[in-house]
Amino acid sequence: MINELAEYEREPEAVRNSEEMLREHLFGAQPGVFGHVAETAGNDGEDGAVVGMALWYLTYSTWEGVHGIHLEDLYVRPEARGTGSGRALLATLAAIAVERGYRRVEWQVLDWNAPAIGFYDALGAGSMDGWTTRRLDGDALRDVAAQAPVIA
């Protein structure tokens, strides 16, 4: 589904993740990423087909003094959209946040993704107007890292 999401977001060549890497990050000795899946109902007690996923990690708010959840990816396969799978995945994250005393669940959405924006708006998710996502990666990341003080 990660590859399907990358295709949907018009960046199929950007995926470098592998099954082994994902397994380590989700189920290794110190997992830093968490995930949930949505399934269709199975027949005769069998598992259903996986139709959606939510991958997330913890954040921390220095102002609130508590953790939050950053939803890295929410993806529901096209044939399962409109079935409540996306809503169920987000409701699960919201329930985890409430149960643990976290104050927020946050994520980004591409500005051209009108169906997703409409879905999030219908849930009551507010836009963080005035904020812009910034990123260091590639050469810029290495250049800034090279400026770090040496700590002995």
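Residues numbered from 1 in each chain as written. Predicted model: local features only at pLDDT ≥ 70, side-chain atom pairs only at ≥ 80, totals over all residues. Heavy atoms only, no water.

## Re the side chain of H70
We apply this condition: Numbering of helices and strands runs from the N terminus; a helix is a DSSP stretch of H or I covering at least four residues, while a strand is a stretch of E covering at least two. Between buried and exposed lies partly exposed: a residue is buried under 20% and exposed over 50% of the maximum accessible area for its type, with that area taken using a 1.4 Å probe on protein chains only. Working rule for contacts: check all heavy atoms of both residues, and any pair within 4.5 Å makes them a contact.
With respect to the helices, strands and loops of the structure, H70 is situated in strand β3 (residues 66-76). Of the residues examined, H70 reaches a relative accessible area of 8% and is grouped as buried. If we skip the residues at most four places from it in the chain, H70 touches L55, W56, Y57, T59, E106, W107 and Q108.

## A closer look at the sheet that holds strand β1 (residues 34-39)
So the rule is basically this: Following DSSP output, two strands are said to pair if at least two bridges run between them.
Sheet architecture is open: four strands sit in the order β1-β2-β3-β4, paired in mixed fashion. Bordering the open sheet on either side are β1 and β4 (105-106), each of which pairs with just one other strand. In terms of strand pairing, β3 meets β4 through two bridges, oriented parallel. Bridging from a neighbouring strand, I69 pairs with V105 of β4.

## Some points on the environment of A140
The residue A140 is located in helix α5 (residues 138-145) in this model. Each C-alpha atom of the pair A140 and G42 lies 48 Å from the other, and the pair is 98 residues apart in sequence.

## Topic: the nonpolar core
Heads up, the rule is: In these notes, a set of buried Ala, Val, Leu, Ile, Met, Phe, Trp, Tyr and Cys residues joined through side-chain atoms within 4.5 Å is what counts as a nonpolar core.
The biggest cluster of nonpolar side chains holds 17 residues, and the ones touching the most others in it are A54, I69, L71, L74, L89 and L93. Every element with two or more residues in this core is listed here: β2 (50-61), β3, α3 (85-100) and α4 (114-123). Among the elements that make up this core, the one with the highest residue count is α3 (five residues). Excluding anything up to four places from it in sequence, A54 contacts F34, G35, H36, L71, D73, L74, L89 and L93. In this structure, L26, M53, L55 and Y75 belong to the second largest nonpolar core, which totals five residues.

## Considerations on the side chain of S85
Mapped onto the elements of the fold, S85 is located in helix α3. Non-local contacts of S85, meaning those with residues more than four positions away in its chain, are made with A38, V51, V76 and A80.

## Some details on a nonpolar patch on the surface
This is how it is decided: Surface patches are defined over residues having more than 30% relative accessible area and no salt bridge, joining like charges when they lie within 9 Å and nonpolar side chains (Val, Leu, Ile, Met, Phe, Trp, Tyr) when within 5 Å. Here the accessible surface of atoms and residues is derived via Shrake-Rupley with a 1.4 Å probe, and residues count as covered only by protein chains that are part of the display. Salt bridge criterion: a side-chain nitrogen from Lys or Arg within 4 Å of a carboxyl oxygen from Asp or Glu.
Where nonpolar side chains cluster on the molecular surface, the patch consists of Y8, L110 and W112 and spans about 230 Å² of accessible area. As for its placement among the helices and strands, Y8 is situated in helix α1 (residues 2-8). When its relative accessible area of 30% is taken as the criterion, Y8 is described as partly exposed.

## Points about the packing of α3 against α4
Put simply, the rule is: Axis lines are fitted through C-alpha atoms, for helices just across the contact stretch, and the angle between N-to-C directions can take any value from 0 to 180 degrees. The cut-offs work like this: below 35 degrees is roughly parallel, past 145 is roughly antiparallel, 65 to 115 is roughly perpendicular, and the gaps in between are oblique. Crossing chirality is assigned from the near helix's rotation relative to the far helix, an anticlockwise turn below a right angle marking it left-handed and a clockwise turn marking it right-handed.
Where α3 contacts α4, the two axes come as close as 12 Å, and the packing angle between them is 55°. Judged on the interaxial angle alone, α4 and α3 are oblique. When you trace α3 past α4, the crossing you get is right-handed. In this structure, α3 uses G86, R87 and L90 to contact α4, whose residues at the interface are F119, Y120 and L123.

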